[in-house]
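# Remarks on the overall topology
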Amino acid sequence: MASQEPWQMENGNGNLKGSSKEFKHGRTAHNMSSSSLRKKSDLSLVNKVPCGLVRQLLANLQEVILGTKLSVLFPAIPLAIVAQFFGFAGPWIFGLSMLGLIPLAERLGFLTEQIAYYTGPTVGGLLNATCGNATELIIAIFAMSQNKILVVKYSLLGSILSNLLLVLGTSLFCGGIYNLRQEQKYDRKQADINSLLLLLGLLCHMLPLLFRYAGNSGDVALIADSALSLSRAASIVMLVAYLAYLVFQLWTHRQLFEAQEDGDGDAVSSDDEPVIGFWSSAVWLIVMTAIIALLSEYVVGTIEVSSESWGISVSFISIILLPIVGNAAEHAGAVIFAFKNKLDISLGVALGSATQIAMFVVPLCVLVAWMMGIRMDLDFSLLETSSLALSIIVTAFTLQDGSSHYMKGLVLLLCYVVIGACFFVSKTTPDQGNGISPGIKLPTEGVISA
C-alpha cells in the first residue's frame with residue numbers, strides 16, 4: 001500500500017472542496033503573492049519516522065516553520081519574549097518584536113490558504129479578507145486598550161499609504177526597469193473598483209474633519225460629539241460597502257479578481273494540493289494569531305521608549321516603520337510578480353490591502369473603540385487626511401490608462417519619500433490630545449450614543 005502524505009492521514013484522504021484546478025482558478029492576488037516566498041519542504045527524512053503521530057507532528061513543523069524563505073526570522077520571536085522577561089531595554093524588545101511579526105504575517109496567509117482547500121475558495125476568500133491584515137488590527141486593538149488613539153490612527157494611515165505609494169510604486173518601478181523593452185499592461189477593472197472604494201473611504205474621513213472646521217468654534221465639545229457620532233455612522237456605511245465588495249469579489253464578479261496563471265512554470269508545487277490537514281491548519285492559525293497578539297503588545301508598550309531612544313518621532317515610527325515591517329512579506333511578493341510582468345497580481349496585493357484597511361479595519365476599530373467606551377473618530381487631522389487624499393488621487397491618476405512604465409512607479413515612490421520626510425520632522429506624541437481633535441480634552445468614560 002502506498003504511503004500517505006501527512007495531510008491525507010489527518011483528513012482521511014482528502015475531503016477537499018473541489019479539484020485543485022478549481023481552487024487555482026479561485027486564487028486571489030494575495031494568495032499568489034504569499035506563495036512567492038514559500039519553498040518546498042523535503043519530507044524524505046520525516047517520512048522514515050515509524051510512529052504516525054510523531055511523523056505528522058514533524059511534518060507540520062517543517063511545513064509551517066521551515067516552509068518559508070523568511071524562516072530565518074523566527075528566532076526573533078523567542079528572543080523578544082526573553083528580552084521582555086528579563087527586562088531588556090525597550091528598543092531591543094521593539095526591534096525583535098517587529099522582526100518576529102514579519103514571518104508570522106506571511107504564515108497567516110499560508111494557513112488560511114491551506115484551510116481554503118477544505119472549505120472551498122469562497123470561505124477561503126472570506127478568511128483571507130478577515131485575516132489578511134490581522135497584524136494591523138491586533139496592534140490597533142492593543143493600542144486602543146492603552147488609549148493610544150493616535151498610534152492607532154497613525155499605523156492604519158501608514159498601512160494605506162505604504163500600499164498605495166511604496167508597494168505599488170516599487171512594483172511599477174522595478175517591473176518597468178526589468179521589463180524595459182516590454183509594455184506592461186494590467187486589467188483596469190479591478191483597479192477602478194478599488195479606487196472607487198478608496199474614494200468613498202476618503203469621503204468618510206474628510207467629512208468629520210470638515211465638520212470640525214465648519215462648526216461653531218465657540219462650542220468645541222459639542223462639535224467633537226457631533227463629529228464622533230458622524231464618524232460612527234460613516235463607519236457603519238463603510239462596513240456595509242466592504243461587505244458589498246466581498247459579495248462582488250467572491251460571488252458575482254469573481255473572474256475580475258482571480259490571479260493570473262503562472263505560465264512560466266514558476267508556481268510552487270505545493271499550490272496544487274494542501275501540505276497540512278484542516279485541523280492542523282486551524283490549530284496553527286490560532287497559535288500564530290496568539291503569538292502575533294503577544295508581540296503586538298510588546299510593540300505598543302515600547303513604541304514611545306523606542307522613539308525617545310532613537311530620536312525618531314512616534315508618528316514616523318507608526319506611519320512609516322510599522323507598516324513596512326508588518327507587511328514586508330506581502331510587499332516582497334508583489335514586487336516579485338512585477339518582475340515577472342504580472343502586474344495584475346501586484347496591483348491586487350497593493351490596492352486590495354489598502355482597500356481592506358480603509359474600508360474594513362479602520363471602521364471596525366472605530367466601532368470596537370465605541371464598544372470599549374473609547375472616543376475614536378475618523379478625523380485623522382488635516383495633515384494626515386491631506387496626505388491620504390493626495391495619495392489616493394495620485395494613485396487613481398497613475399492607473400487610469402491600463403499600462404505602466406518605470407516613471408509611474410518612480411513618481412509614487414517620490415511621493416512616499418516626501419510624505420515620510422513630513423512625518424519624520426513631525427513631533428506629535430501619542431498623548432497629545434485624545435485623538436479626536438488636537439488640544440481638546442474630553443472624558444473617555446462610558447459610551448456616547450451615536
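Residues numbered from 1 in each chain as written. Predicted model: local features only at pLDDT ≥ 70, side-chain atom pairs only at ≥ 80, totals over all residues. Heavy atoms only, no water.

## Observations concerning the pattern of salt bridges
Filter applied, for reference: We count a salt bridge whenever a side-chain nitrogen from Lys or Arg sits within 4 Å of a carboxyl oxygen from Asp or Glu. Helix and strand labels come from DSSP, where a helix needs a run of H or I of at least four residues and a strand needs a run of E of at least two; each type is numbered from the N terminus. Burial classes: relative accessible area under 20% of the type maximum marks a residue as buried, over 50% as exposed, and values in between as partly exposed (1.4 Å probe, protein chains only).
Throughout the structure, instances matching the rule amount to eight salt bridges. Here lysine 148 ties to glutamate 304 by a salt bridge, and the two come within 2.9 Å at their closest N and O atoms. Residue lysine 148 is located in the loop between helix H8 (134-145) and helix H9 (149-178), and its partner glutamate 304 is located in helix H12 (residues 278-310); the two are separated by 156 residues in the primary sequence. Judged by its relative accessible area of 10%, lysine 148 is buried.

## Looking at the packing of aromatic side chains
The test is simple: A pair of aromatic rings is counted whenever rings of Phe, Tyr or Trp (Trp by its six-membered ring) have centres within 6.5 Å, and the orientation is called stacked for planes under 30 degrees apart, edge-to-face for over 60 and tilted otherwise. Placement of a charge over a ring requires the Lys NZ or Arg CZ to be within 6 Å of the ring centre, with the centre-to-atom vector within 35 degrees of the ring normal.
Throughout the structure, instances matching the rule amount to nine aromatic pairs. Aromatic side chains tyrosine 242 and tyrosine 245 sit 5.8 Å apart centroid to centroid with 40 degrees between the ring planes, which places their arrangement in the tilted category. Of the two residues, tyrosine 242 and tyrosine 245 both sit in helix H11 (residues 220-252), three residues apart, roughly one turn of that helix. Owing to a relative accessible area of 7%, tyrosine 245 belongs among the buried residues under this scheme. In textbook terms, an aromatic cluster arises when at least three aromatic residues are bridged by ring pairs, as seen for Tyr118, Phe278 and Trp279. Across from the ring centre of phenylalanine 337, 5.1 Å away, lies the NZ or CZ of lysine 340, which sits over that ring.

## Regarding helix H14 (residues 328-339)
What counts, and what does not: A helix's residues, less one, multiplied by 1.5 Å, set its expected span.
Here H14 spans 17 Å end to end across twelve residues, near enough to the 16 Å set by a 1.5 Å rise per residue. All of the buried residues along H14 are Ala329, Glu330, His331, Gly333, Ala334, Val335, Phe337 and Ala338. Asparagine 341, located one to two residues past H14, shows a positive phi value of around 65 degrees.

## As for unusual backbone geometry
A positive phi is found at asparagine 147, a non-glycine position, where the angle reads about 60 degrees. Structurally, asparagine 147 is set in the loop between H8 and H9. Judged by relative accessible area, which is 41%, asparagine 147 ranks as partly exposed. The phi dihedral of serine 381 falls on the positive side, at around 75 degrees, and the residue is not glycine. Along the chain, serine 381 falls in the loop between helix H15 (343-371) and helix H16 (382-398). Assessed through its relative accessible area of 19%, serine 381 is described here as buried.

## Side note on the nonpolar core
This is how the line gets drawn: Each nonpolar core is a collection of buried residues, namely Ala, Val, Leu, Ile, Met, Phe, Trp, Tyr and Cys, held together in the definition by side-chain atoms within 4.5 Å.
Within the largest apolar cluster, 101 residues are counted, with the highest numbers of intra-cluster contacts made by Met144 and Leu347. The biggest single contributor to this core is H15, with 16 residues.

## Things to note about the environment of leucine 209
One can find leucine 209 in helix H10 (residues 188-214). Through-space distance from the C-alpha of leucine 209 to that of leucine 378 is 7.9 Å; in sequence the pair is 169 residues apart.

## Some words on the confidence of the model for the protein chain
Selection rule: pLDDT measures how confident the predictor is about each residue, on a scale from 0 to 100. Should any heavy atoms of two residues lie within 4.5 Å, those residues are considered in contact.
For the protein chain, per-residue confidence averages 80 on the pLDDT scale, and residues scoring 70 or more make up 78% of the total. Contacts for the low-pLDDT stretch residues 19-26, under 50 throughout, to residues beyond four places or in other chains number eleven contacts. Predicted confidence is poor over residues 431-450, with pLDDT under 50, and the contacts of this stretch with residues over four places away or in other chains come to 47 contacts.

## Regarding the side chain of threonine 395
By secondary structure assignment, the location of threonine 395 is in helix H16. Judged by relative accessible area, which is 2%, threonine 395 ranks as buried. The residues touching threonine 395, leaving out its near neighbours within four places in the chain, are Leu164, Leu165, Leu168, Leu351 and Leu412.

## Notes on the side chain of asparagine 179
Heads up, the rule is: Polar contacts, as counted here, are pairs of nitrogen or oxygen atoms within 3.5 Å of one another; within protein the pair requires one atom able to donate a hydrogen and one able to accept it, and residues that are adjacent in sequence qualify only if both atoms are side-chain atoms.
Within the fold, asparagine 179 resides in the loop between H9 and strand E1 (184-185). Within the structure, asparagine 179 has its side chain in polar contact with the backbone oxygen of phenylalanine 339 (distance 3.3 Å). Not counting chain neighbours up to four residues away, the residues in contact with asparagine 179 comprise Gln184, Ala338, Phe339 and Asn341.

## A closer look at the packing of H9 against H16
Going by this rule: Only the stretch in contact is used when a helix axis is fitted, and all axes are lines through C-alpha atoms; the angle between N-to-C directions ranges over 0 to 180 degrees. These descriptions rest on fixed angle ranges, namely under 35 degrees for roughly parallel, over 145 for roughly antiparallel, 65 to 115 for roughly perpendicular, and the rest for oblique. Whether a crossing is left-handed or right-handed is set by the direction in which the near helix is turned from the far one by less than a right angle, anticlockwise for left-handed and clockwise for right-handed. Any residue that is not Ala, Val, Leu, Ile, Met, Phe, Trp, Tyr, Cys, Pro, Asp, Glu, Lys or Arg is counted as polar, Gly included; the first ten are nonpolar and the last four charged.
Here H9 crosses H16 at 25 degrees, and the two axes come no closer than 11 Å. For the element pair H9 / H16, the angle class is roughly parallel. By crossing handedness, the relation of H9 to H16 is classed as left-handed. Of the residues in H16, those in contact with Tyr154, Leu157, Ile160, Leu161, Leu164, Leu165, Leu168 and Leu172 of H9 are Glu384, Ser387, Leu388, Ser391, Ile392, Thr395 and Thr398. A per-class count over the contact of H9 with H16 returns ten nonpolar, four polar and one charged.

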